[in-house]
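Working through the structure, step by step
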Amino acid sequence: MRDNPQALTWIFLFVALASAIAVIIAALISNSNLQLPPTPTSMIQLPSVTITPTKVHAEIQPTLNLTLPFQKLSPSDYGRLLSEDSFDNDTGVWSLQKGSLIQNGMLILAPETFTVPNWDTKYSNFIFETKFQFFDPSQTEYAGISVYLREAWCLSATSKCSNQVGVSANGEVLAWRLNGSDVEQIMASTSASDFSINGANKLTVIVNESEFRIFINDVFVRAFSDSTYQHQSGNVVLDVVRTSVALDYVRIYTIP
């Protein structure tokens, strides 16, 4: 994957398009006959699709112009805890598609699925954090998890808009802007130096006005600036491609 960042970009763009459409059509889907997804044993083949995003910036230079007062997170960098789900039991907060479930204190997402919390509160400036682990660390090619931030209806009220941050199974981090089916890459693929392929990892994204700062295991990875949805309040959405993922918790904090 590290030798083929363009391939990672295209597969995440495909998933972003598919997930954005699926969220609109099937938000808050539930299934009462859920089963633990099996550990993947071979590469899942996605259909051959030609994707032509309206805009794609695949070679974005590092955003060194942003003010970065810290390179590693500490407790003082967090504000007040607004929301937390440790998945001790299924309270019906999260939509669960077929193959996904909450079990043994984990939210388990099956390949090619997404989940949306039914929180009434929408967030604009906040800190998003989750700890996750891929089921099959050896299946790294094109596999990953992503989070949609400030996800809400666009001004047209016919599609959803958000910023999206994705992490591949081998520790590559990317970001996009979504406006319905229009997907624009806004941060080039960046390797997270502290990423653990064989263990659990913590993803933290600080969303403050137009600035987005991304951390893996409390270590700064990269930042980008995007003011498109700066004044938009929205939900968070999690989705998974080509692998199963277990999440230990999801937390939302205020900006200190």
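Residues numbered from 1 in each chain as written. Predicted model: local features only at pLDDT ≥ 70, side-chain atom pairs only at ≥ 80, totals over all residues. Heavy atoms only, no water.

A few words on the packing of aromatic side chains. Tallied over the entire structure, the rule returns eight aromatic pairs. Among the aromatic side chains, those forming a connected cluster through ring pairs are F87, W94, W119, Y123 and F126. The ring of W153 is capped by K160, whose NZ or CZ atom sits 4.7 Å from the centre of that ring. Here the guanidinium or amino end of R251 rests over the ring plane of Y249, the centre of that ring lying 3.7 Å away. (Phe/Tyr/Trp six-rings, centres within 6.5 Å; stacked < 30°, edge-to-face > 60°. Lys NZ or Arg CZ within 6 Å of the ring centre and 35° of its normal.)

Another aspect to go through is the state of the cysteines. A full pass over the atoms with the stated rule returns one disulfide. The disulfide that involves C154 links it to C161, with 1.8 Å between the sulfurs. The disulfide joining C154 to C161 has a torsion of about 110° about its S-S bond and is therefore right-handed. The pair C154 / C161 is uniform in exposure class, with both members buried. (Disulfide = S-S within 2.5 Å. Buried < 20%, exposed > 50% of the residue type's maximum accessible area, 1.4 Å probe, protein only.)

Before going further, it helps to spend a moment on the confidence of the model for the protein chain. Here the protein chain shows a mean pLDDT of 78. Residues at 70 or above account for 71%. Counted against residues more than four places away or in other chains, residues 1–7, with its pLDDT under 50, gives 16 contacts. Scored below 50 in pLDDT, residues 20–67 shows 100 contacts in the model against residues more than four places distant or in partner chains. (pLDDT = per-residue confidence, 0-100. Contact = heavy atoms within 4.5 Å.)

On to the pattern of salt bridges. According to the stated counting rule, one finds seven salt bridges in the structure shown. R251 is the partner of E84 in a salt bridge, and the nearest nitrogen-oxygen pair spans 2.9 Å. With E84 in strand 1 (residues 81–85) and R251 in strand 14 (residues 245–253), this residue pair connects regions lying 167 residues apart in the sequence. Here R177 ties to E184 by a salt bridge, and the two come within 2.5 Å at their closest N and O atoms. Its relative accessible area of 12% is what places E184 among the buried residues. It is possible to trace a salt-bridge network through shared partners that takes in E84, E129 and R251. (Salt bridge = Lys/Arg side-chain N within 4 Å of Asp/Glu carboxyl O. Helix = DSSP H or I, 4+ residues; strand = E, 2+ residues; numbered from the N terminus.)

Looking now at the sheet that holds strand 6 (residues 144–153). Sheet strands associate in pairs through backbone hydrogen bonding, adopting either a parallel or an antiparallel arrangement. Spatial ordering of the open sheet is given by 4-13-6-7-8-9, a layout of six strands whose pairing is antiparallel. Edge positions in the open sheet fall to strand 4 (114–115) and strand 9 (182–191), since each of these has one partner strand only. Here eight bridges tie strand 6 to strand 7 (residues 160–168), and the two strands are oriented antiparallel to one another. Considered in strand 7, the bridge of V147 is made with V165. (Pairing = 2+ DSSP bridges.)

Below, the discussion takes up the side chain of T115. Take T115: it is sitting in strand 4. Within the structure, the side chain of T115 is placed 2.6 Å from the backbone oxygen of S95, a separation counted as a polar contact. (Polar contact = N/O pair within 3.5 Å; in protein donor to acceptor, adjacent residues only side chain to side chain.)

Before going further, it helps to spend a moment on the pairing of strand 6. For strand 6, the buried fraction is high: nine of the ten residues fall into the buried class. Between the antiparallel neighbours strand 6 and strand 7 lie six residues, among them A157 with a positive phi of about 65°. As judged from the six bridges shared by strand 6 and strand 13 (residues 235–241), these two strands associate in the antiparallel manner. Among the inter-strand pairings, S146 is bridged to a residue of strand 13, identified as D239.

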